[in-house]
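# Tertiary structure, described
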Amino acid sequence: VQLVESGGGLVQPGGSLRLSCVASGFTFSRFAMSWHRQAPGKERELVAGITNGGGSTNYGDSVKGRFTISRDNTKNTVYLQMSSLKPEDTAVYYCNVRPGIMSYWGQGTQVTVSS
């Protein structure tokens, strides 16, 4: 299993970014996917999740109404559209899948929200 995140960077408060996570090594369309983040000195937290078919999503309270998770099963890719970004969204963002007993993480992509 391999998960490769991209799309992070430096953005001003109020700006937008779209993160991508390309998956391989498992049947992508069979499994739910999720995004998590970890800020310095804090625990990793769930940002958003999406079911295998994309029909159902869930979000952490701090990002509801600002972030949107989606997926393209033809491209083995899950996305996180982030809008109205705040300094407190600064973190390393990770993609996650649990196709069996094991849980797999990507290497992460840094998002920094600062003026």
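Residues numbered from 1 in each chain as written. Predicted model: local features only at pLDDT ≥ 70, side-chain atom pairs only at ≥ 80, totals over all residues. Heavy atoms only, no water.

## Here's the deal with the overall build of the protein
Across its full length, the protein carries 0 helices and 11 strands. Each helix and strand of the protein, ordered N terminal to C terminal, gives the series β-β-β-β-β-β-β-β-β-β-β. For the protein, the spread of C-alpha atoms along the principal axes amounts to about 40 × 25 × 20 Å. Expressed as a percentage of its 115 residues, the buried residues of the protein come to 40%. Relative to all contacts within the protein whose residues are 6 or more apart in sequence, the contacts with residues 24 or more apart total 51%. Of the roughly 6000 Å² of accessible surface on the protein, 48% is carried by carbon and sulfur atoms. (Helix = DSSP H or I, 4+ residues; strand = E, 2+ residues; numbered from the N terminus. Buried < 20%, exposed > 50% of the residue type's maximum accessible area, 1.4 Å probe, protein only. Contact = heavy atoms within 4.5 Å. Areas by Shrake-Rupley, 256 points an atom, 1.4 Å probe, with all protein chains shown as cover.)

## Examining the nonpolar core
With 28 residues, the main nonpolar core has Met-33, Trp-35, Val-78, Leu-80, Met-82 and Tyr-93 as its most contacted residues. Those elements that provide at least two residues to this core are strand E3 (17-24), strand E4 (33-38), strand E5 (45-50), strand E7 (67-72), strand E8 (77-82), strand E9 (91-97) and strand E11 (109-113). Excluding its chain neighbours within four sequence positions, the residues that come into contact with Tyr-93 are Glu-5, Leu-19, Trp-35, His-36, Arg-37, Val-47, Phe-67, Leu-80, Met-82, Gly-108, Thr-109 and Val-111. (Core = buried A, V, L, I, M, F, W, Y, C linked by side-chain atoms within 4.5 Å.)

## Some words on the packing of aromatic side chains
One pair of aromatic rings is described through two measures. These are the centre distance and the angle between the planes. Inspection of the entire model under this criterion finds 3 aromatic pairs. Ring plane angle 50° and centroid distance 6.3 Å describe the contact between Phe-26 and Phe-28, whose orientation is recorded as tilted. A relative accessible area of 13% means that Phe-26 is categorised as buried. Within the aromatic cluster, the residues linked to one another by ring pairs are Phe-26, Phe-28 and Phe-31. Its guanidinium or amino end placed over the ring of Tyr-94, Arg-44 lies 3.8 Å from that ring's centre, counting from NZ or CZ. Seen from the ring of Phe-28, Arg-71 lies directly overhead, with NZ or CZ sitting 4.3 Å from the centre. (Phe/Tyr/Trp six-rings, centres within 6.5 Å; stacked < 30°, edge-to-face > 60°. Lys NZ or Arg CZ within 6 Å of the ring centre and 35° of its normal.)

## Quick look at the sheet that holds E7
Pairing is antiparallel across the open sheet formed by 4 strands, whose spatial order is E1-E3-E8-E7. Each edge of the open sheet carries a strand with a single partner, namely strand E1 (2-6) and E7. Between one strand axis and the next, the sheet turns by 15° as a mean value, whatever way the strands run. Bridging between E1 and E3 involves 5 bridges; their strand directions are antiparallel. Bridging across to E3, Glu-5 finds its partner in Cys-21. (Pairing = 2+ DSSP bridges. Axes fitted to C-alpha atoms, helices over the stretch in contact; angles between N-to-C directions.)

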